[in-house]
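Survey of secondary and tertiary structure
Given next are the chains, with one letter for each unit.
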Amino acid sequence: MTTFLGGVLIVLLSSILAGLVRVLRGPRMADRMMAAQLFGTSAVAILIILSRVTDSPAFLDVAMVFALLAAVTLVAFVALALRRVR
Amino acid sequence: MLDLVAGLLIALGTVFFVAGTVGLLRFPDIYCRLHALTKADGLGLALIALGASLMARTPGEVFRIVLIWFFVALASAVGGHLIAAYARRMDRTREGSLRHD
Amino acid sequence: MTDPLILFDLLLAGSIVALAVAVLSVRDLFTAIVVFIVFGLLSALAWARLAAPDVALAEAAIGTGVTGALLLKTLHHLRHFSDGQTQDAARDLTAVQPVPMGVTVANAAFCGLVALGLAVAFLGAPQAGPGFDALVSDAMPHSGVAHPVTAVLLNFRAYDTLMEVVVLLAAVIAVWQIERGLTEAPAPALGMVWAGFARLTLPAIVVIGTYLLWKGAEAPGGAFQGGAVLAAVGLLLLLSRLYVPQPSHRGLARWAFVLGTGVFAGVALLVTGGGRVAFQYPPEHAKTLILLIEGLVTISIAVTLAALFHGREPVALNAPESRHDT
């Protein structure tokens, strides 16, 4: 089971790395920001699995912090960007 | 048996994450990408969370996993809404093209 | 392959280095910020893999909650602070200047030397030395708390932590001194969906922040983690204009800034007055004192980080006229 979950972790991390292409290419700021948002969710998934594999429930708290603060950067981006348009 | 089901759910969830990334890379514009992404990560994380809670040792862990899923789903929905609203307003004011590079 | 996660670890380590290179080499500053946020995300995973959940928590809270927003705000200022003047001035500031070849070569040589020095130090160090594990676990009963990291941070090496809190205080004093003239357009309303989300999420973040502080006594968590999570609440309140800083709140904010440092230093002085070394708490009161310091430091960290995000001292021209637009 651990080997299988290790494989899953590698796939999830690789999908983050592949998604980085969208961050680098854009073309719009919103594209880049949105990609970072997806990575946040992937990181949460990775942490949930890691907490199972290494049997450390403390990682769930880390995942919880990610989950609760996921919106902060995004809201900062939207609020600041709209401030300019008006 | 339970482990097998959990493994299947986690594998399926991972497939959705990969699908979301493919959509992020291949879809033509921001609205399509947003569609791919919010759906994929919502379902992907739900499946992985379900699989992980089947393997959890204590009810406390299950509770925390459910809470995590709930807040990610919430943030993802609201985040998608904000990004879409932002992109639309940018398109309208014609300043959206400012940052094409 | 003894550890099934070894491949994951290698990939993670490689990605972190690649992302660090990307942050430095990307031309567009906004892209650099987003890459840096991803860098923080993966660093938190790396800390988790290194079995350091305390650091992973801090990185998660600061990296995703505060740093990204602070950098975005800074970029926003850089690009728009000259709205009255020419656009070119702002662009000059944000553009990456070409570096002369000589500087690049000198930099590369210097980095090579540092890397060489680190390699020599690493290879020369005794492998798998005993470290301070035994020392810390021997002293744990006198520390007043059950979690070794908290014991080290707030008891055995408390002076170090005190200095970290002082750094934050110095930063906010500097920002309030420097940033005075900037005026900002009022933030737009983010809409009903956001308002509902904020109403549901903000209390949850407060609960989790307090939980992390509370847990710090016996498990990973503590003042910095709790403070950073609570600071995110401040950021969200400021961004959605649920809270608009008023000039009349300056006094209260100043008290909140110095609260942590003041009490921390005050306890150290009091203990010294009792004929002990600073931070050598009397064992029967150690837990109370540590929790008192941690709680107040948490408040200071949260308020200070939020104030740093706001960027300047609240001034009178911030009229309360836009309060109803949330």
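What you see is a predicted model, and the numbers here were worked out from it, not measured in a lab.

Some remarks on the overall build of chain B
Helix and strand content of chain B: three helices and zero strands. The order of helices and strands in chain B, counted from the N terminus, is α-α-α. In terms of overall dimensions, chain B is more spread out than a globule: its C-alpha atoms have a radius of gyration of 17 Å, far above the 13 Å expected for 101 residues. Dimensions of chain B, computed from C-alpha atoms along their principal axes, come out at roughly 55 × 25 × 15 Å. Across the 101 residues in chain B, those meeting the buried criterion constitute 42%. Sequence separation of 24 or more characterises 59% of the internal contacts of chain B that already satisfy a separation of 6 or more.

Description of the domain arrangement of chain C
Residues and elements named next belong to chain C. Examined at the domain level, chain C breaks down into domain 1 (1-97) and domain 2 (137-326). Facing twelve residues of domain 1, the contacting portion of domain 2 comprises 17 residues. Of the residues assigned to the side of domain 1 that touches domain 2, the class counts are nine nonpolar, one polar and two charged.

Focus: the interface of chain B and chain C
By a frequent convention, interface size equals the accessible area lost on bringing the separate parts together. Between chain B and chain C, the contact holds seven residues from the first and eight residues from the second. Looking at side-chain class alone, the side of chain B that touches chain C contains five nonpolar, one polar and one charged residues.

A look at the interface of chain C and chain A
Listed per partner, the contact involves 46 residues of chain C and 43 residues of chain A. Mapped onto the side of chain C that touches chain A, the elements with two or more residues apiece are α1 (6-25), α2 (29-49), α3 (53-80), α9 (192-215) and α10 (223-239) of chain C. Here the element with the most residues in the side of chain C that touches chain A is α3(C); it accounts for 13 residues. Here the residues of the side of chain C that touches chain A are counted per class, giving 37 nonpolar, eight polar and one charged.

Looking at the packing of helix α8 (residues 158-178) of chain C against helix α11 (residues 250-273) of chain C
Residue and element names in this part refer to chain C. Where α8 contacts α11, the axes come no closer than 9 Å and their chain directions differ by 150°. Accordingly, the angle class assigned to the pair α8 and α11 is roughly antiparallel. α8 and α11 meet at a crossing whose hand is left-handed. For the pair formed by α8 and α11, the contact residues are L162, V165, V166, L169 and V172 on the first element and F257, V258, G260, T261, F264 and A265 on the second.

Quick look at α11(C)
All names here are of chain C. For α11, with 24 residues, the first-to-last C-alpha span of 33 Å sits near the 34 Å given by 1.5 Å per residue. Those residues of α11 not exposed but buried are A256, F257, G260, T261, F264, V267 and A268. Packed against the buried residues of α11 are α8 and α12 (286-310). Two residues or fewer past α11, G275 is found with a positive phi of approximately 85°.

Basis of the calculations
Residues numbered from 1 in each chain as written. Chains lettered and ligands numbered in written order. Predicted model: local features only at pLDDT ≥ 70, side-chain atom pairs only at ≥ 80, totals over all residues. Helix = DSSP H or I, 4+ residues; strand = E, 2+ residues; numbered from the N terminus. Rg over C-alpha atoms; globule rule 2.2 N^0.38 Å. Buried ≥ 20, exposed ≤ 12 C-beta atoms within 10 Å, placed from the backbone. Contact = placed C-beta atoms within 7 Å. Domains from an automatic or database assignment. Nonpolar A, V, L, I, M, F, W, Y, C, P; charged D, E, K, R; others polar. Axes fitted to C-alpha atoms, helices over the stretch in contact; angles between N-to-C directions. Parallel < 35°, antiparallel > 145°, perpendicular 65-115°, else oblique. Left-handed = near helix turned anticlockwise from the far one by under 90°. Expected span 1.5 Å × (residues − 1).

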